[in-house]
Amino acid sequence: MTTYTLHLPRDARPGDPSALDRSELVKDAFSWGAFFFTFLWFFFHRLWLAGFGVLILVLAFGGLMAVLDVHPLAGSVAQLLLQGLIGLEANSLRRWTLARRGLSMVDAVTAEDQDEAEARAFARWLGAKPSSLPRPPASSPVLSTPRRSEPVIGLFPDAERPR
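Every value quoted in this text rests on a predicted model; they were computed, and no experiment measured them.

### Describing the environment of Ile 56
So, step 1. Relative to the helices and strands, Ile 56 resides in helix H3 (residues 48-67).
So, step 2. Note: C-alpha distance between Ile 56 and Phe 39 (17 residues apart in sequence) is 9.2 Å.

### What about the side chain of Thr 2?
So, step 1. As for its placement among the helices and strands, Thr 2 is situated in strand E1 (residues 2-9).
So, step 2. For Thr 2, a relative accessible area of 18% puts it in the buried group.
So, step 3. Among residues more than four places away in sequence, those in contact with Thr 2 are Lys 27, Asp 28, Ala 29, Val 109, Thr 110 and Ala 111.

### A short note on the packing of H3 against helix H4 (residues 72-100)
So, step 1. At a minimum axis separation of 10 Å, H3 and H4 run at an interaxial angle of 165°. Here H3 lies roughly antiparallel to H4, going by the angle between them. Seen from above, H3 lies across H4 with right-handed handedness. Counting all contacts with H3, which are made through Leu 49, Ala 50, Val 54, Leu 57, Val 58, Phe 61 and Met 65, the residues of H4 involved are Gly 75, Ala 78, Gln 79, Leu 82, Ile 86, Leu 93, Trp 96 and Arg 100.
So, step 2. A breakdown of the residues in the contact of H3 with H4 according to their chemical character gives 12 nonpolar, 2 polar and 1 charged.

### Details of the packing of aromatic side chains
So, step 1. One pass over the full model with this rule turns up 9 aromatic pairs.
So, step 2. Here the aromatic rings of Phe 30 and Phe 35 are separated by 5.9 Å at their centres, their planes lie at 50°, and the arrangement is tilted.
So, step 3. Given the relative accessible area of 12%, Phe 35 is considered buried.
So, step 4. When the centroid spacing of 5.9 Å and the interplanar angle of 65° are considered together, the rings of Phe 39 and Phe 43 count as edge-to-face. Highlighted residues: Phe 39 and Phe 43, both in helix H2 (residues 39-44), separated by 4 residues, approximately one helical turn.
So, step 5. Note on Phe 39: relative accessible area 21%, which makes it partly exposed.
So, step 6. Three or more aromatic residues joined by ring pairs make a cluster, and in this case those are Phe 30, Trp 32, Phe 35 and Phe 36.
So, step 7. The positively charged end of Arg 100 is found above the aromatic ring belonging to Trp 96, 5.1 Å away from the centroid.

Parameters and conventions
- Residues numbered from 1 in each chain as written.
- Predicted model: local features only at pLDDT ≥ 70, side-chain atom pairs only at ≥ 80, totals over all residues.
- Heavy atoms only, no water.
- Helix = DSSP H or I, 4+ residues; strand = E, 2+ residues; numbered from the N terminus.
- Buried < 20%, exposed > 50% of the residue type's maximum accessible area, 1.4 Å probe, protein only.
- Contact = heavy atoms within 4.5 Å.
- Axes fitted to C-alpha atoms, helices over the stretch in contact; angles between N-to-C directions.
- Parallel < 35°, antiparallel > 145°, perpendicular 65-115°, else oblique.
- Left-handed = near helix turned anticlockwise from the far one by under 90°.
- Nonpolar A, V, L, I, M, F, W, Y, C, P; charged D, E, K, R; others polar.
- Phe/Tyr/Trp six-rings, centres within 6.5 Å; stacked < 30°, edge-to-face > 60°.
- Lys NZ or Arg CZ within 6 Å of the ring centre and 35° of its normal.

These figures come from the coordinates and say nothing about function on their own.
Shown next, in the form of structure tokens:
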């Protein structure tokens, strides 16, 4: 089973079917497409900034391997490791780009495939009441802890102390 995240515009109201027209469902797993096609996968998904960043990274990495005169086998292994990293982080970069575009994550579902995930996520969205789905804040506030007059000793300063 794979986890998928549902991204909708920030102004979407739970239960509104018109918001699903602009929705994106992103798989939270290794991306084989990004592993094999690197920056082309990003361009296909219209992730221009991330795609250009990956393109520059791949070209700079290849140039570095040539300048350092690395053995071809070691260079190939290093290139595979870089592509593995790109495959691992591709969907996270996709979620980051969607958040920058105003499509915040509103739900996460677990399903066997994309069709089942879409059906579950859409059913939950359409059946939701305005207060049942948590909405992330527009900006993440900095959490502050109250100042204590006594020094903190140990890992759990708020735990009850024997008196």
